[in-house]
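# Descriptive structure summary
Chain by chain, the residues:
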Amino acid sequence: MQKFGKSQPVTRVEDVRFLLGSGRYVDDTAPAGALHAHVLRSQVAHGEIVDLDVSAAREMDGVHLVLTLHDLEAAGLDVAMDATLVSNRDGSEAAAPERPILARDRVRFVGEPVAVVIADTPEQARDAAEAILLQIDDLPVKLDPVAGGPVIHVEAPENRAFDWAMGDDAATEAAFKSAARVVALDIEDNRIIVNAMEPRACHASWEDGRLHFVFGGQNVWGIKDRLARALGVERERVHVRIPDVGGGFGMKAMAYPEYYVVAHAARVLGTPVRWISDRSEAMLSDNAGRDLTSRAELAFDESGHIIGYRVHSRVNLGAYNSQMGQPIQTQLFSRVLMGCYDVQAVWMRAEGFYTNTTQVDAYRGAGRPEAIYVLERAMDRAARELGIDPWELRRRNFIPADRFPYQSATGETYDVGDFRKVLDRAAAEADHEGFATRRSADAARGLLRGQGLCYYIESILGDPAEGAKVEFHEDGSVSIYVGTQSNGQGHETVYAQFLSDQTGIPADMIHVVQGDSDLIAQGGGTGGSRSVTTQTHATLVTVDKMIAAFTPYVADKMGVDPETVNFEDATFRATGTNLAPTLLDAAEMARADGRVDLLQHEARATLPARSFPNGAHVAEVVVDPETGSVKVERYTVVDDFGNLINPLLAEGQVHGGVAQGLGQAITERVVFDEDGQILTASFMDYAMPRAADVPMIAFHSEPVPSTANPMGMKGCGEAGTVGSMAAVANAVQDALWQAGVRQADMPFTPNRVWDMLRHASDAPRQ
Ligand code: SMO
């Protein structure tokens, strides 16, 4: 069954709903009469709670309940939030200090939840929260993520959560010893706030001893398990739903304290309870992204071939281990440590530190953008220091197309790739040759133009297994139940399109069902660019099973031997009969015959291996040295995503991903004052990229079909972010190099760029 050639740029069916304002997000789905929760948060970054008195708040108008950690523990909740840990390089375990649902004795960041008020109206809840007496004795604040400083957790006396390493230390050391040239660079990867359009929200109600919990997330089953465990109820008694989601980006993949408290409050009160974060609250309490500094070293032989690579990162985890905080800048970073280059002597070390800041966790790409950012910034620096053209340096070190499958130094099996072909296409599409002319034209006007290249690779992550169920309804429509979760990416369109391609069932007759733990028993959710590949794989296996199940039935109807029946061009056919039923026809007959077993088909399937999206991003920026302003003027992407179901939606994913990486590079920055107060907790102070900041992004596909799955797909959800940070930053560094700037770190806001230029004015020019 080879029908993947049907790649069509179908527009998104769900956009009608979203663009007309008829999307139904979490807060739109709260039951009438639900009470409102408001969270009292710490206003200091570090301190001992010496008094927490909620008695006045409990007496306020409209207040039904006020909860502190003490109340949760008295009710028997398991209040310790879980986190995945890594091992230290000496074999010991990483630090695992408790992260309680609400603060216990101490607060460790501004925005940490301390108590929750449940009242009739949001205003009453907020007023009552202000009536809570919370007295905190300040402690010294630690913001700089290096060892030492005031101790945040006794479990980590140096504030070091982990000291993790991977690779071949001895071989890498030997490579550096024998190197003709070594290039080193320190690189900052700035903290960002995720800023989903829809802030985090949830509501909970209990009926007949069952919890019905609705939230904005990326997976219903993970939170189902967590709520069951924390609240001490059987799994079967927890029902989780996710309605429309206004952006997840990894930030919404994780559990948060509010979810447990709202579920518990609804149980205590016997009334539905709802909570929605406001914007500044989100900026204080949502998991942040990135926030690490790295030293990268590349060892070269005399011909410009890399013979060794070493990275040492210092990672700011924030105040607590978030759910995936530890693995991201360690294990996930290491997956693509050496990118697309043929180097085996590699070593990385990552130290994670606690600070009095909001916890840091997954942000679109989760470790892969960070790794590629370090590598591709270092490659550009190496090209300069070695006097080799940056495009040529990459070509020279690429894993050649005839070397696949390729075992990477960090244990990944890259299935296929043709990096040189993709890069050549990028040179043509970006008019690389014309750059020198454009640069001279700008120079004549006193402007600095720079070009930046990033060649990225990423691996799809998450559970390689996924399930699908197809159900035929009486009205002739079909439902497909999926275990992945759209956060706005267009899954409804793509999954219907794929099932239609495989079966001939018209796409507009197919309804995609997602995000309901009562309707779908198991699933992997969305994250790590896994959705389309795992979900279509499960669909493919389900369709095969469905056709096999229908074949004997249809053969019987046709009066032919089942061996002679083929499913082709959307119909069952056999020689010796004029009957050629479609699947919908066959389902209708089966229903009439009472063959209910033929009306539902389901299967789970596990991807045989991971696939590796890769591609080239080329950015051109213009810097005005008078003002420090940076304009991204041209942006070209050539991606190898393997086979595409819907090139239009893949392009949309790239546009969104590039906008996020570009935002981090030129506008977004989290600033703390010396007391640990976030100075950028509103859109007045935190600059998201706007339409005028983002140029038209030219997207091209240069597919080398993956051999790791039957669809030949590679995944595309995070790739735009992975490639864009280094492309934009390399372009800015290229522009500023002409003015003597030798250390250019994101974000390239006008003020920072102007400062870089001012401080470079005495530096020798090249
Ligand atoms: S940052 Mo993602 O949801 O793997």
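Residues numbered from 1 in each chain as written. Predicted model: local features only at pLDDT ≥ 70, side-chain atom pairs only at ≥ 80, totals over all residues. Heavy atoms only, no water.

With an unreviewed UniProt entry as reference, the chain is termed Xanthine dehydrogenase family protein, source organism Sedimentitalea arenosa.

### A short note on the sheet that holds strand β8 (residues 181–189)
Consider a sheet: its strands pair through backbone hydrogen bonds, and that pairing is either parallel or antiparallel. Quick note on the threshold: When DSSP finds two or more bridges between two strands, those strands count as paired. Numbering of helices and strands starts at the N terminus; helices are DSSP runs of H or I of at least 4 residues and strands are runs of E of at least 2. Interaxial angle, 0 to 180 degrees, is taken between N-to-C directions of lines fitted to C-alpha atoms, where a helix line uses only the stretch in contact. Here, two residues are considered to be in contact whenever any of their heavy atoms come within 4.5 Å of each other.
With respect to topology, five strands assemble into an open sheet ordered β7-β15-β14-β13-β8, the strand pairing being mixed. Of all the strands in the sheet, just β7 (160–167) and β8 have a single pairing partner and so form its edges. In this sheet, neighbouring strand axes are inclined to one another by 10 degrees on average, regardless of whether the strands run parallel or antiparallel. Note: strand β13 (residues 292–300) against strand β14 (residues 306–318), nine bridges, orientation antiparallel. Residue R295 lies in a different strand from β14, and its bridge partner there is H312. Packed on one face of the sheet, helix α10 (residues 368–386) meets β8, β13 and β14 and runs near 140 degrees to β8.

### Topic: the domain arrangement of the chain
As a measure of interface size, the accessible area lost when the parts come together is often cited. Applicable threshold: Domain start and end points were adopted from an automatic or database domain assignment. Each of two parts loses accessible area, computed with a 1.4 Å probe, when they are put together; buried area is these two losses added. Throughout this description, the term salt bridge denotes a Lys or Arg side-chain nitrogen within 4 Å of a carboxyl oxygen of Asp or Glu. As used in this structure description, the phrase polar contact means that two N or O atoms lie within 3.5 Å; if the pair is within protein, one of them must be able to donate a hydrogen and the other to accept it, and residues adjacent in sequence are counted only when both atoms belong to side chains.
Parsing the chain into structural domains produces domain 1 (28–139 + 194–285), domain 2 (368–461 + 610–760) and domain 3 (464–606). For domain 1 and domain 3, the distance between their C-alpha centres works out to 39 Å. A combined buried area of about 1,200 Å² lies between domain 1 and domain 3, and 40% of that area is made up of carbon and sulfur atoms. Scanning the region where domain 1 abuts domain 3 turns up one salt bridge. In this structure, R210 engages D518 in a salt bridge whose closest nitrogen and oxygen atoms are separated by 2.8 Å. Viewed at the interface, domain 3 and domain 1 are joined by twelve residue pairs in polar contact (both at pLDDT 80 or more). The set of elements that each furnish at least two residues to the side of domain 1 that touches domain 3 consists of α6 (220–231) and β11 (238–241). Ranked by residue count, the leading element in the side of domain 1 that touches domain 3 is β11, at four residues.

### Section: the sheet that holds strand β26 (residues 629–640)
The four strands are arranged β18-β25-β26-β27 in an open sheet whose pairing can be described as mixed. Of all the strands in the sheet, just β18 (448–457) and β27 (697–701) have a single pairing partner and so form its edges. Strand-to-strand, the axes of this sheet are offset by a mean angle of 15 degrees, without reference to chain direction. Relative to β26, strand β25 (residues 614–624) runs antiparallel, the two being bridged by eleven bridges. Opposite E620, over in β26, you have R634 as the bridge partner. Sitting on the sheet, helix α11 (residues 390–397) is in contact with β18 and β25, with an inclination near 15 degrees to β18.

### Some remarks on the packing of aromatic side chains
Counted only if it meets this: Aromatic pairing here means that ring centres of Phe, Tyr or Trp (its six-membered ring) are within 6.5 Å. Orientation follows from the plane angle: under 30 degrees is stacked, over 60 is edge-to-face, and everything else is tilted. Under the scheme applied here, a residue whose accessible area is under 20% of the maximum for its type counts as buried, over 50% as exposed, and between as partly exposed, the area being computed with a 1.4 Å probe on protein chains only. Throughout this description, the term charge over a ring refers to an Arg CZ or Lys NZ atom that lies within 6 Å of the ring centre and within 35 degrees of the ring normal.
Under the criterion given, the structure shown has 17 aromatic pairs. Judged by centre distance (5.7 Å) and plane angle (35 degrees), the rings of F213 and F215 are tilted. On the accessibility criterion, F213 (0% relative accessible area) is buried. With a centroid separation of 5.7 Å and 90 degrees between ring planes, the pair formed by F404 and F419 is classed as edge-to-face. Here F419 lies in helix α12 (residues 419–429) and F404 lies in the loop between α11 and β16 (406–407), a separation of 15 residues in the sequence. Neither F404 nor F419 differs from the other in exposure class; each is buried. Above the ring of Y481, the side-chain terminus of K469 is found at 4.5 Å from the ring centroid.

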